[in-house]
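# Geometric and topological summary
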Amino acid sequence: MESQRKSSDEEDSSGERGSLHTWKGYSYSVTPERVLLSRPVLQAALGTRHGVLLVEGGQVYSFGEFPWKQSQVSEVGPLKPVLESALSGQRVVAVAAGSFHSGALTEDGGVHMWGENSFGQCGLSSLTVVPNPTPVAVMDPDTSPPHTIRVLELACGEQHSLALSAQHEVWAWGSGCQLGLVTTIFPVWKPQKVEHLVGRYVLQVACGAFHSLALVRCLPPQESRRPLPDKCGQCHQLLYTMTDKEDHVIISDSHYCPLGVELLAEGETRLGPGRSPPLGLLSSPSEPLLSSHASASAPGPHPSITEHTDYERGRTVAQNGEVLTTTDADISASGTDSDRAVGGVGGAGSQNSPYPDDQAVKEYLKKLSDTTLAEETAKMTIAGASFQPPADSLDLLTSDLIPGVMPVTTSSALNNLVSSCASAVGERVVSTYEALSLKKMINYYYPGVGGVAGVPGGFPGGPVEVRVRLEESMQGKKSCSTGDIREEEAEGLSRRLSLPGLLSQVSPRLLRRASRPRVRAVPLTPVGGLPEAGELLPSLQTEVWSWGRGEEGQLGHGDNLPRLQPLCIKCLSSKEVVLVAAGAHHSLALTAQSQVFSWGSNSSGQLGHMASPTTIPRLAKLSEGIRVWDVGAGAQHTLLLADGDCYQPILYYSGQQVREGAQDATQDQTEGYSYTQQPVLLPFCMNLGYVSGVFAGGQSCVALADRNVMGFIASLHELAAAERKFYCKLSSVKNHILRPLLDLESLSTALGPASTVLLQSLARCYSRLCHLTGQHSASLTANLRRRREFKSLVMLEHASIFLDTYNEYCCSVGNFLVMGGFQALAKPSLEFFGKCPELLQRLAESSEENIPLSDLLVTLFYLPMRHLHEYGRLLLKLGTCFEVSSVDYQKLQDGCSKFEALALHLKRRRKEAEYTYHFWKSFPGKMTDSLRKPRRRLICESSNKALTLQNSGRFSVNWFILFNDALVHAQFSTHHVFPLATLWVEPIPEENTGLHGLKLISPEETFTLLACSSMEKAKWLRSINQAVDQAMTGAGQSGSGAGQRAEPPISRTASYTFYKDSRLKEATYEGRWLAGKPNGRGMVKWLDGKIYTGTFKNGLEDGFGDYVMPSKTLNLNDHYQGHWKEGKMHGIGTYKYATGELYEGSFQDNMRHGHGMLRSGTLNSSSPSVFIGQWVHDKKTGYGVFDDITRGEKYMGMWQDDQRQGTGVIVTQFGLYYEGAFNNNKMQGTGVLLSEDNTTFEGEFSEDWTLNGKGVLTMPNGDYFEGSFTGEWGSGLKVTGSFFKPNLYDSDGDKGRAVKLGRLAVPPEEKWRVVFEECWMRLGCEAPGQGENQRAWENIAVALTTSRRQHRDSPEMNLSRTQNRMLESLEFIPQQHVGPVTMEKYDSIRRYLIKACDMPLHPLGRLMETLVAVYRMTYVGVGANRRLLLQAVNEIMSYLARIFQLVRFLFPDLPEEGGAIPEPSSDPQDKKDSNCADTQLESPKPGRVVSSSALLLPVLLPRLYPPLFTLYALEKEKEDDVYWECVLRLNKQPDVALLAFLGVQHKFWPVSVPVLGEKTEVVSSTKDACFASATETLQQISTTFTPSDKLQVIQLTFEEITKEVMSSLEDNFLWSMDDLFPVFLYVVLRARIRNLGSEVSLIEDLMDPCVQHGEHGIMFTTLKACYYQIQHEKTT
């Protein structure tokens, strides 16, 4: 574009674009004059005697007469415009001209005005004229501080100006009711907002001399459904009144708000008290908006600003003084939206009827005939007031026909009607209402339904208040003029019946329902347009609002009344107006369908028609095929820019004709002027070039034209013209074919429900396409008027909107065709269009003779597809205007190829649809019903025996039909459908068989098809593969199908419902597939509500999955979450039972098998219990711990088939302890029972806690019974035997009696065997220690990686960030697992183990987690029994041994328990390093000996410490109490006294001690100061876990004591035990360690055997000695 523009500038800077031509009037000799300017003109505006031009670059020129200029230049010829230099600094984007003033709009939205200002029209106070352009501030006073409003458009009238703001609101200033402001003070100097239009989206404004027009976007449907107001917005009177009579209710809506009485000018007559207003004019804007189109009408009326209230409430005073109520008969709007109004009122029984007498009616008819209205005058309003219409308002009496009354043209007929009505009114006819059945009411509204309701008997009359208003009743041809009004929008579909004044016995809804037993209506005007088209395209759902003076009918409301507030012209609401223009006293509206509606003054024929009255919009008369796309309106003429046969625009003119020599307007009118009956073609228009816009004003006309540079302008015009023509075509089909068809009563019966829905869908898509085309044509037209460039073309920037709409439409036509819709539609169409459907043939552009009606309909509905080629052709044509290498060319070329590709694709789609339709015609009927689907298309079929089933019977019939979504295998009477998404096809190699075979795999069947030749085989293979590919990608639906793969992927995502498979019958699977089997992630839903979600392998659940199974009895689900293998639960999982039980653990073959925990019931339920242990085939078998929370018992022992069997231990919450044999879930056999007070029984048991047989019962004091016992423990025992009281001095006997516990319990190495076995299995070993080391490491890596992936997929497995990092490091196999172990390697192994045991996803970590869980489960709660201490310690020792075995399997070169690690080399550097490493370790490494406790206790013990230490504390409770009492007693003494008491040698007494950093002398009262650091160190023994750490604390304590003593003694001092012991005893006392006995026992039991005889061993012995010393301190 730019390059093109430059080149044109070089040749002739202004000759190519925006040349301006001006002329006056019309005659053959008129030739336009070209105005020469240095730059192209972008816009022109004309006033009465002047004009304003905007040129490229934003400069403004004026020409004509300017009386407001002070300089000598007060008139300039049109050919020599002058520059408005006051605007030179501004970039102007639009200009406007009023009668005698002008306006300019700058780029930033600022307004400049100049010219005549006597009425404030320039918006500048205190100036009568404004000589030069002056800024006018449009400020919003509602904001603080007031901010400037940005203006988009300006319009000027004679005494007023309007501005359209960026918020799409209207601002006005100047004088007169045409401002639409609520004010009585004129002029209005400051721009003010027109409040009546606030909240609406105004698209354009236009000003006549004394009236204003606004083009407004319709409100979206949800807004227009607001509840209607019940009070008038201005005068606050009720809009509806209800009068309750004894036998009926009268609802009246006769409210009239006096809107629109203009301030009367001098000389105009006022209505005197005796005169009534012209009847039929009192159209209340507050009438209830019940019709579908009125929805966006004025929200409420505004008060008039006159004090004359004769109009008020429609009351008039009749001659006899009686007050009568008039009806507000609604004004006829146009043929489309005509409202029918009937009023019947009269004095009850009064003789002087208010109706006009015969004479008056005759005179009225005579007058009507004078103004060419006689043909259409049965439109008669009967009203209860004196009938004396003023002569000037005769043409306003246009209320519609009384429904049901045939048009009457003679005065006598009218007379009869009037007199019969009058006589009927006199009687009370309320009974008539009751007698009217619903049928009659319907007849009354729809005269066609039966009988004519119009005879006096059927005409409803009534008392004074009674009146019936009928609105918008019949749809069909109803026109209020003889003019050519086409009924495009017969609103039959969305028509609503409004009966505001009807008696309430019959509801309007009932009437509607009874009157229309039709199918669901399809709105043929899409509401809101295409959603994605949004703001890209201009809106077609518009309304025209008008206000101001109306004496010429220029407001279009059907009367000559002024309107002080904007009011919607209802009849234009559905006409898709895209542009409005206003002449001095007439108005024009241009629609998207290129028609022009005009109304107002027609003194010179400027409306383009001679129809009357001119107070409502009517179509200008233009020849068929002339499409108008721009209009201009002058004082008494109209200029139209249109498309004719060729795409070069042509001009039409209507109105005042200015003859040559009669240019001066002051000459006698009859000489210089004449009329045009209809618009005439201006012959010179073809010489102007390509006209892009027309403007008119005063008597002048202006056209802007472009020369055709390189064909570019011509191509743009051709594109826009083609789109306008196409839109008219589409609208024509919609209105003349589609809508009448949808309206046919016989439609749903002829088509059947399925096809009716498809036809409605087709209508919707057609409507959407039509609407998009309309919007696009409006957009292209606007582009011609403004920029004339292609870069902003929506069809290039947003091609997808068009492609999708066409695609959707083609699909809907194809679907209707496939289902035989057009065939079925032929019959009702025949009834409607008759035997020779010329209209159809003309619209379908078909020239063939005797073509069947159904084919004609198909051709017609496929016609829009041709337009895609047109798009492609025109874009290509535009492209040829550019260099092939340019970006612009490329853009146009791309656009062209998109539309061409779609055209080809849709052509293919049409062929497919037709092929499918013909196939169904020949297909046997039974199967058709089940197989025929709207979206299903045939690809190929094997009726020619081209494909047969292998191994089929000799007489079997196998017919294969390939559709775009399924392969059908049909036999004699049955058929089977294989969905393509789950169909796999493979060619069978021909080498060995010689057969042309295809193997087909579906989820439940695999069969082989044989083709008759290799060509046929290849064809079917290709067809099936392509069909499968398209079915999967959806390419068949939208894309062009280009670039297809050779074959679809073997792995894919699809949904399938099984019909055969016993396990999956009627279940639906959705997910990944591989060669006919579910494989990968997916979900199965069974009909009974079972759902599995997870991974599959070879068609079976395999991997991690989630399974929900509804319980039959309870209204809850069983829920399993865990691992699967080959379709069964296998591996670790969690099963929540509907009963509330929860199992966590191992599964095998859908059963609990392995280690697991089952929780039954919650703590507050009937029988809460927890079992943790081994399961075999769903039963408790092996070692397990059962916590019976209800009975307060815990069993730890062996199980068999859910019963306690073998050895075991039971502890109870009351301190009873039993160990021994169990049989059949009971204590049966030999056992030992201890009670809390140490009473012991050793002997035979038969039931739980029941003694039966021989035994020994020992008392706490040592006395015992020996003999035979029977009875339950705790409820009296029967004893047969001897009682022994041992000798006090017989210590040997005492020793023999003490019972040794643990003998009858399960040995520690037998416990939790299955936990360790599962860990070995995870490492890939059949049994402990049997397996390959390398494989074990690989298994670990795999387990970690899969767990990590699983964790990524399911975020609920929450891992901390450090765990994530640890997981990454553990995935690498450490190199230390091979080669001889050095200290360095040993250290890294230790670190690896710490990490592995911390990570639950690692087999060792999982083992550790399980062991901790089972240990706590055993020894917490009831299990915290001191008698279990020994077992608890032994269990830990067995854990160590068994874990160490695993570690040695993973690190085979690690020495065995007690083995030594070879010393590092003798290099001193190495030695030093290793020593450093040694001292830095968390626990000191005793020597170089490997031990399981040193390696594993630091990992294990901290986790098990709480339950273990609790047992120690319970065991040592008595000793610790004695010790603590002594500690408390001795600690009361000060330091010196205690040192002396303990016998510490004087030389070891500290002389001074540091207190808060200062040395302080030790005096006799000093307390807790001596050896304070050693005391603090020893106290840390309680904060450590492992024995080695505790021993380290003891060692540090000794070092602290030595340090303190050394400070006062010589360096070479050595301790002797005798010296050291008292000092250490002092430190132990001062350390006040509460459970020292437990600490000592723990160290003793668990310390590493290799340190017992070393330095640590001696130090520990010292601590132990101190403990015993303190206990016995009081006795010494």
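## Digging into the sheet that holds strand β43 (residues 1006–1011)
In a beta sheet, neighbouring strands are held together by backbone hydrogen bonds and run either parallel or antiparallel to one another. The strand order β37-β43-β42-β41 describes an open sheet built from 4 strands, whose pairing is antiparallel. Strands at the two margins of the open sheet, each flanked by one partner only, are β37 (947–949) and β41 (984–987). Recorded for the sheet is a direction-independent mean angle of 30° between the axes of neighbouring strands. When β37 meets β43, the two strands line up antiparallel, connected through 3 bridges. If you follow L947 over to β43, its bridge partner there is A1011. Relative to the sheet, helix α20 (residues 1014–1033) contacts β37, β41, β42 (996–1001) and β43, its axis offset from that of β42 by approximately 20°.

## Here we look at the pattern of salt bridges
Under the criterion given, the structure shown has 40 salt bridges. The salt bridge partner of R768 is E808, with a shortest N-O separation of 2.9 Å. In this pair, R768 sits in helix α10 (residues 747–785) while E808 sits in helix α12 (residues 799–818), placing the two residues 40 residues apart along the sequence. With a relative accessible area of 25%, R768 lands in the partly exposed category. Classification of E808 as partly exposed rests on a relative accessible area of 34%. Ionic pairing is found between E870 and R873, a salt bridge with its closest N-O pair at 2.9 Å. In this pair, E870 and R873 are both assigned in helix α16 (residues 866–879), 3 residues apart and thus about one turn of the helix distant. Residue E870 is classed as partly exposed on the basis of its relative accessible area, which comes to 26%. For R873, a relative accessible area of 36% gives the class partly exposed.

## A closer look at the pairing of strand β50 (residues 1128–1136)
Of the strand pairs in this sheet, strand β49 (residues 1117–1125) and β50 are connected by 6 bridges, and their pairing is antiparallel. Pairing of G1122 across the sheet is with G1133, part of β50. The antiparallel hairpin formed by β49 and β50 contains 2 residues in its connecting segment, where E1126 sits at a positive phi of about 50°. As judged from the 6 bridges shared by β50 and strand β51 (residues 1142–1148), these two strands associate in the antiparallel manner.

Cut-off values and rules
Residues numbered from 1 in each chain as written. Predicted model: local features only at pLDDT ≥ 70, side-chain atom pairs only at ≥ 80, totals over all residues. Heavy atoms only, no water. Pairing = 2+ DSSP bridges. Helix = DSSP H or I, 4+ residues; strand = E, 2+ residues; numbered from the N terminus. Axes fitted to C-alpha atoms, helices over the stretch in contact; angles between N-to-C directions. Contact = heavy atoms within 4.5 Å. Salt bridge = Lys/Arg side-chain N within 4 Å of Asp/Glu carboxyl O. Buried < 20%, exposed > 50% of the residue type's maximum accessible area, 1.4 Å probe, protein only.

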